[in-house]
Amino acid sequence: MATVKTTSRAPLSKRRILLYIGALFLLILVAVLTYNYAFIKGQLNIGTAYGARVVCSCHYIGGRDIEDCRKDFEPGMELIGVTIDQEQKRVTASALLIESATAEFREGWGCVMLTDTQLDAE
């Protein structure tokens, strides 16, 4: 009479299951970010332009300190960093090394947003 040999596989360990779940979560997160990249970049573009303009107006027209100007930011703008160039009277706001915007104070005009072409020409 023939007997059937069966091999039993060891059950997956909890550590391996957590590793698979973590890898799946990371894959889904990357897919969602890739799919929404254009939207995210557009929102960062708006946020950095708003931040540069608000801080420029607040600092050069209102005469307030930078930290005091950050109080004027809308909720959700915590990721936006601001730098000031006192010599050229410019404020640059940037977010996540993806997007940045620069505003320049011009006497009689107030704070004016600069384009990438204007920044490259200098």
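Residues numbered from 1 in each chain as written. Predicted model: local features only at pLDDT ≥ 70, side-chain atom pairs only at ≥ 80, totals over all residues. Heavy atoms only, no water.

K.L.:
Sorry if this is basic, but what is going on with unusual backbone geometry here?
P.N.:
Most peptide bonds take the trans form, and the phi angle of most residues other than glycine is negative. Positive phi outside glycine occurs at K89, with the angle close to 55°. Looking at where K89 falls in the secondary structure, it is placed in the loop between β1 (80-85) and β2 (90-95). Among the residues examined, K89 registers a relative accessible area of 36% and is labelled partly exposed. At L97, a residue that is not glycine, the phi angle is positive and equals roughly 55°. Inspection of the secondary structure assignment puts L97 in the loop between β2 and β3 (99-106). Exposure remark for L97: the relative accessible area of 90% places this residue in the exposed category. (Helix = DSSP H or I, 4+ residues; strand = E, 2+ residues; numbered from the N terminus. Buried < 20%, exposed > 50% of the residue type's maximum accessible area, 1.4 Å probe, protein only.)

K.L.:
In this structure, what is going on with the state of the cysteines? I would like to understand it.
P.N.:
Taken as a whole and assessed by the stated rule, the structure comprises 2 disulfides. Paired through a disulfide, C56 and C111 show a sulfur-sulfur distance of 2.2 Å. Handedness here is read from the sign of the S-S torsion; for C56 and C111, about -85°, the answer is left-handed. Separated by 55 residues along the polypeptide, C56 in helix α2 (residues 37-61) and C111 in strand β4 (residues 110-114) bring together distant segments of the chain. C111 shares its class with C56; the two are buried. A sulfur-sulfur separation of 2.1 Å characterises the disulfide bridge that pairs C58 with C69. Between C58 and C69, the disulfide has an S-S torsion of -90° and is therefore left-handed. (Disulfide = S-S within 2.5 Å.)

K.L.:
Can you help me understand the packing of aromatic side chains in this one?
P.N.:
Each aromatic ring pair is characterised by the separation of its centres together with the angle its planes make. Tallying each qualifying case throughout the model produces 1 aromatic pair. A centroid spacing of 5.9 Å and a plane angle of 20° characterise the contact between Y60 and F105, whose relative ring orientation is stacked. Here the residue Y60 occupies a position in helix α2, and F105 occupies one in strand β3, the gap between them amounting to 45 residues. (Phe/Tyr/Trp six-rings, centres within 6.5 Å; stacked < 30°, edge-to-face > 60°.)

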